[in-house]
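These are the residues of each chain, in order.
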Amino acid sequence: MREIPRFAILVGANGTGKSTLFTVFGFLRDAMNTNVRVALSKLGGSRGFREVRTRNSNGPIQIEVKYRTKPNSPLMTYSVSIDEGRRGPYVEREILRYRRFSHGRPWHFLDFSKGSGFAVTNEADEVEDVTQLVRDEQTLKSPDLLAIKGLAQFERFPAVVALGDLIERWHVSDFHISRARPEQEVGYAEHLSREGENLSLVIEYLHDNHPEFFSRILEKLRMRVPGIKRVESKQTEEGRILLRFQDGAFEDPFLARYVSDGTIKMLAYLTLLHDPEPHPLLCVEEPENQLYPTLLWELAEEFRSYANRGGQVIVSTHSPDFLNAARLDEVFWLQKENGYTRIRRAEEDSQVAAYMQDGDQMGYLWKQGFFAGVDPEG
């Protein structure tokens, strides 16, 4: 995927790779927090490397990400190649580079192979010539560690620190209502977890520490769920945290287990999207589940607003109603070709672009079969 917009929507039949794409981001974050051996085992068990590598292929797993730490900062390229030896998976090559000008060779700010290499101590935007780069040779304690994990702990490697911070703050959301309903042990949480089991703790945190954000969430929830008057987290004598909802028609509040799935899910997404410290990358799988179709346009606008405030958003969907809120340049569709996935941009399809220019909506075009190889019911 190239030139990904701030808000991107992925569509495709089941099995075309939408979840796999999100798994790439989750894998890099897990490898940052642990090592590539552990991150691979989470995806493929004891056969992690062989289960994760593309079928019928040889050689290393390769991942490349291009990004900017700020809107006007240089375009950086991070690439990592992971292979497997007699002692298990290891980082075969890891490079962080950027091209200062449109011509010439890129400058390497980090270059490691099998646990040894160098990192540059200069700030990326302060170097005018390659001869000014100050390289620091380093050796990691194990070749299954990412160099960005080890070196991001040291301020003298600013480009590596910036990348490490970026990856650690990525968030892949796979919200499960069944995980958010049960009572939680008393604890502390500033950000919603992947599956949303800490929702009541985050609500408590926002209420106590960011009342303006909590008020905004509650106001938007009232707009989307008629009758909701108040949401609160309450600590029981047994040391658990309950989510309680106040319906304007009743004096006593309801516990989360008696509230509709749609209400819980809308609260979770509003909490995620009005985080005081937005994630630089937010990936959400099929947000339409359990939500009334008329709410999906507004939810898409919430995602777009989040992206406009600075956090990039990538959403996968099977809902034409959600897709109707999409703009032409925001949509990618995935289709299988000979066992592999091809990613296409909607704006590159002249027929789709022409219909959109005439006022059609993307979801209707999808249902009518204008996305080649993609079945909206699949």
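Residues numbered from 1 in each chain as written. Predicted model: local features only at pLDDT ≥ 70, side-chain atom pairs only at ≥ 80, totals over all residues. Heavy atoms only, no water.

Caption draft 1: Here's a closer look at empty space enclosed by the protein. For the structure shown, the criterion picks out 1 cavity of 30 Å³ or more. A volume near 30 Å³ is recorded for the largest cavity. Along its surface, the largest cavity is lined by Glu190, His191, Tyr205, Asp275, Pro276 and Glu277. (1 Å grid on protein atoms, 1.4 Å probe; cavity = no way out; pocket = protein on both sides within 12 Å on 5 of 7 lines; lining within 4 Å. Points joined across faces, edges and corners; volume = space filled by probe spheres on them.)

Caption draft 2: Fine view of the sheet that holds strand β1 (residues 7-12). An order of β8-β13-β14-β1-β15-β16 is seen for the 6 strands of this open sheet, with the pairing classed as mixed. Either end of the sheet is taken by a strand with one partner, and the two such strands are β8 (171-173) and β16 (340-345). Averaged over all adjacent pairs, the angle separating strand axes in this sheet is 20°, with direction ignored. Note that β8 and strand β13 (residues 281-285) share 3 bridges and pair parallel. Within β13, the position partnered with Ser173 by the bridge is Val284. The strands that helix α1 (residues 18-33) touches are β1, β8, β13, β14 (312-316) and β15 (331-337); relative to β13, the one it contacts most, it runs at about 140°. (Pairing = 2+ DSSP bridges. Helix = DSSP H or I, 4+ residues; strand = E, 2+ residues; numbered from the N terminus. Axes fitted to C-alpha atoms, helices over the stretch in contact; angles between N-to-C directions. Contact = heavy atoms within 4.5 Å.)

Caption draft 3: Representation of the packing of aromatic side chains within the structure. Tallied over the entire structure, the rule returns 10 aromatic pairs. Judged by centre distance (5.3 Å) and plane angle (85°), the ring pair of Phe25 and Trp170 falls under edge-to-face. Taken together, the residues span a long stretch of sequence, with Phe25 in helix α1 and Trp170 in the loop between α5 (158-168) and β8 at a distance of 145 residues. Of the two residues, Phe25 and Trp170, neither departs from the other in class, the shared state being buried. Measuring from centroid to centroid gives 6.4 Å for Phe175 and Tyr269, while their planes differ by 50°, and the two rings are tilted. Of this pair, Phe175 sits in the loop between β8 and α6 (177-180) while Tyr269 sits in helix α9 (residues 261-273), and the two are 94 residues apart along the sequence. You can call Phe175 buried: its relative accessible area is 9%. (Phe/Tyr/Trp six-rings, centres within 6.5 Å; stacked < 30°, edge-to-face > 60°. Buried < 20%, exposed > 50% of the residue type's maximum accessible area, 1.4 Å probe, protein only.)

Caption draft 4: The arrangement of unusual backbone geometry in detail. In this model, Glu3 sits at a positive phi of 50°, which is unusual for a non-glycine residue. Within the secondary structure, Glu3 sits in the segment before β1. The exposure class of Glu3 is exposed, given its relative accessible area of 73%. The phi dihedral of Gln290 is positive, around 70°, even though this residue is not glycine.

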